[in-house]
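In case you want the letters, here they are:
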Amino acid sequence: MASAEAIAKLETKAVAAEKLIQLLRQQISQVKAAQAGQGSGGGGGAYGQEIVKLREENSNLKSDVETWKAKLSAVEVANGKKIFCTAAKSDEKPKEVKAEAAPIAANEKKEKKIKADKPEKSPKEKKEVKKEDDSPVDIGRLDLRVGHIRKASKHPDADSLYVEEIDLGEEKPRTVISGLVKFIPEEEMQDRMAIILCNLKPSKMRGIMSEAMVMCASTPEKVEIMAPPAGSKPGDLVQVDGYTRNPDAQLNPKKKIFEACAPDLKVNDTKQATYKGVLWTVNGQPVTSQTLVGVQIK
């Protein structure tokens, strides 16, 4: 079988022959132009002879090119390769152009296939994303519910944090981390009702994942857990008149929806929780603080 070096030489000779043919054609054109410029003068015969000579050389070179192409094709076939070029009329385009086009087309098909294989979001997921993007940024985007703090204990690796087990009316309780140790004694954290923000993105705090947030009336010196009305059950929803309850499945931290609502979450002068002055209610009754008034809810 012929070596790659032999094939390369044949290819080089074939290309060189093609270039020579192009050069001869240019020379013929130049001679014709010069002949036309001379008109019917005495030099016309010499130019005619030159043209005949160039045409003969051109014909011989064409024959040589076809011969080299045929040899090259035979070598490539012997090596198990696709035919690089075949003997053809001089007006035909070189076969290698087609050979180059084939891999490009194959690459395009491959890229299309990769794009096709990329999983698309289901219509339901697309609808939910669009719904969240179109929803106004207000308390309706927050998933506020009644929760029952079953038990709480100090975080093993942080003196200021409690680890709480909270029933939200779901299949299993959630673990919530709260920085309330300095404000609320541990015994008061046991078996009590609270208002919980349930759609924050879970985050790890000193090695333990926190899955929600306990809502509290807060000052730098004093913090109180917001209390639902008597008779509330875990999972009961917090409503605010005038704001459609349409919470995100999970708040996107980059969109800062909670941060946008936070300045308007306040306890009024009668210890009732409000958003922009409108009461938070559970089953038609207000959510309240224990003693604090005119403070932020965090």
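All of these numbers come straight from a predicted model, not from anything done at the bench. All residue numbers refer to positions counted from 1 along the written sequence of the respective chain. Selection of residues for local features in this predicted model requires a pLDDT of at least 70, selection of side-chain atom pairs for listing and counting requires 80 or more, and totals for whole chains, interfaces and linings are taken over all residues. Values shown for side chains rest on all heavy atoms present in the structure; no hydrogens or waters enter the calculation.

Chemist: Before we go on, may I ask you to explain the overall build of the chain in this structure?
Modeler: Here a strand is any run of E in DSSP of at least two residues, a helix any run of H or I of at least four, and the numbering for each starts at the N terminus. Regarding its fold elements, the chain presents five helices and 15 strands. Counting only contacts in the chain whose residues sit at least 6 apart along the sequence, the fraction spanning at least 24 positions is 63%. Of the roughly 18,600 Å² of accessible surface on the chain, 52% is carried by carbon and sulfur atoms. Contacts are assigned to residue pairs with any non-hydrogen atoms lying within 4.5 Å of each other. For every accessible area listed, the method is Shrake-Rupley and the probe measures 1.4 Å; residues are considered covered only by the protein chains on display.

Chemist: Looking at this structure, I do not really get unusual backbone geometry. What am I missing?
Modeler: Both trends apply: most residues other than glycine have a negative phi, and most peptide bonds are in trans. Backbone geometry places D191, a non-glycine residue, at a positive phi of 50°. Its place among the elements puts D191 in the loop between strand 3 (174-178) and strand 4 (192-197). One non-glycine residue, K276, lies in the positive phi region at around 55°. Structurally, the position occupied by K276 is in the loop between strand 12 (273-275) and strand 13 (278-282). In this structure K276 comes out as partly exposed when scored by relative accessible area, which is 49%. Each residue is placed in one exposure class: buried if its accessible area under a 1.4 Å probe, protein chains only, is under 20% of its type's maximum, exposed if it is over 50%, and partly exposed if it falls in between.

Chemist: Which parts of the structure should I look at to understand the sheet that holds strand 2 (residues 162-167)?
Modeler: Two pairing modes exist for strands in a sheet, parallel and antiparallel, and in both the strands are linked by backbone hydrogen bonds. Strands pair, by our definition, only if DSSP identifies at least two bridges between them. An order of 3-2-1-4-7 is seen for the five strands of this open sheet, with the pairing classed as antiparallel. The open sheet has two free edges, formed respectively by strand 3 and strand 7 (213-214), since each of these has just one partner strand. Two strands pair when backbone bridges link them, and strand 1 (residues 144-154) and strand 4 are joined in this way by six bridges, in the antiparallel orientation. Residue pairing in the sheet places V146 in a bridge with I195 of strand 4.

Chemist: Sorry if this is basic, but what is going on with the pattern of salt bridges here?
Modeler: Where charged atoms from two side chains of opposite charge approach closely, those side chains can pair. The rule for a salt bridge is simple: a side-chain nitrogen of Lys or Arg has to be within 4 Å of a carboxyl oxygen of Asp or Glu. Scanning all chains against the criterion turns up 10 salt bridges. Salt-bridge contacts for E165 lead to K151; the nearest nitrogen and oxygen are separated by 4.0 Å. Of this pair, E165 sits in strand 2 while K151 sits in strand 1, and the two are 14 residues apart along the sequence. Given a relative accessible area of 26%, E165 falls into the partly exposed group. For E224, the salt bridge goes to K222, with nearest N and O atoms at 3.4 Å. Overall, K222 belongs to the partly exposed group, its relative accessible area being 37%. Linked through salt bridges whose partners overlap, the residues forming this network are D143, R145, E170, R174 and R245.

Chemist: Mind showing me how you'd approach the side chain of H155 here?
Modeler: Take H155: it is sitting in the loop between strand 1 and strand 2. Taking relative accessible area as the criterion, H155 reaches 4% and is therefore assigned buried. Engagement of the side chain of H155 in a polar contact is seen with the backbone oxygen of R206, the distance being 3.3 Å. Pairs of N or O atoms within 3.5 Å make up the polar contacts considered here, provided that, within protein, one atom can donate a hydrogen while the other can accept it, and that residues adjacent in sequence are counted only when both atoms are side-chain atoms.

Chemist: Where do I start with the nonpolar core in this structure?
Modeler: Generally speaking, nonpolar side chains in soluble globular proteins are found buried as a group. The term nonpolar core refers to a set of buried residues drawn from Ala, Val, Leu, Ile, Met, Phe, Trp, Tyr and Cys, joined through side-chain atoms within 4.5 Å. Core analysis: the biggest nonpolar cluster contains 26 residues, and L142, L144, I195, M215 and W280 have the highest contact counts within it. The set of elements that each furnish at least two residues to this core consists of strand 1, strand 4, helix 5 (257-261), strand 11 (265-267), strand 12 and strand 13. Top element by residues in this core is helix 5. It accounts for three residues. Those residues in contact with L144 that lie beyond four places of it in its chain are I139, I195, I196, L197, M215, D236, L237, V238, R245 and W280. In terms of nonpolar packing, the next biggest core, distinct from the first, is built from 18 residues, I196, A212, V214 and C216 among them.

Chemist: When you look at the environment of L197 in this model, what are you seeing that I'm missing?
Modeler: Inspection of the secondary structure assignment puts L197 in strand 4. Accessibility expressed as a relative area gives 0% for L197, which makes it buried. Residues L197 and V214, spaced 17 residues apart in sequence, show a C-alpha to C-alpha distance of 6.5 Å.

Chemist: What's the story with the environment of K233 in this structure? I'm lost.
Modeler: Following the sequence through the fold, K233 ends up in the loop between strand 9 (223-225) and strand 10 (239-240). Assessed through its relative accessible area of 49%, K233 is described here as partly exposed. Considering only alpha carbons, one finds K233 and D167, 66 residues apart in sequence, at a separation of 9.6 Å. Not counting the four nearest positions on each side in its chain, K233 is found in contact with V146 and M193.

Chemist: Honestly, the confidence of the model for the chain in this entry has me stumped. Any pointers?
Modeler: Looking at the chain as a whole, the pLDDT averages 82, with 75% of positions reaching at least 70. Averaged pLDDT values over the elements of the chain bottom out at 51 in helix 3 (residues 95-117) and peak at 98 in strand 14 (residues 285-286). One confidence number per residue, pLDDT, is output by the predictor and ranges from 0 to 100. Scored below 50 in pLDDT, residues 92-102 makes five contacts in the model with residues more than four places away or belonging to other chains.

Chemist: Before we go on, may I ask you to explain the packing of aromatic side chains in this structure?
Modeler: The way to describe two aromatic rings as a pair is by their centre distance and the angle between their planes. Pairing of aromatic side chains here covers Phe, Tyr and the six-membered ring of Trp, requires ring centres within 6.5 Å, and sorts the geometry by plane angle: under 30 degrees stacked, over 60 edge-to-face, intermediate tilted. Scanning the model with the defined rule gives one aromatic pair in all. Look at Y243 and Y275: their rings are 5.0 Å apart centre to centre, the planes differ by 80°, and that puts the pair in the edge-to-face class. Remark: Y275 occurs in strand 12 and Y243 occurs in the loop between strand 10 and helix 5; sequence separation between them is 32 residues.

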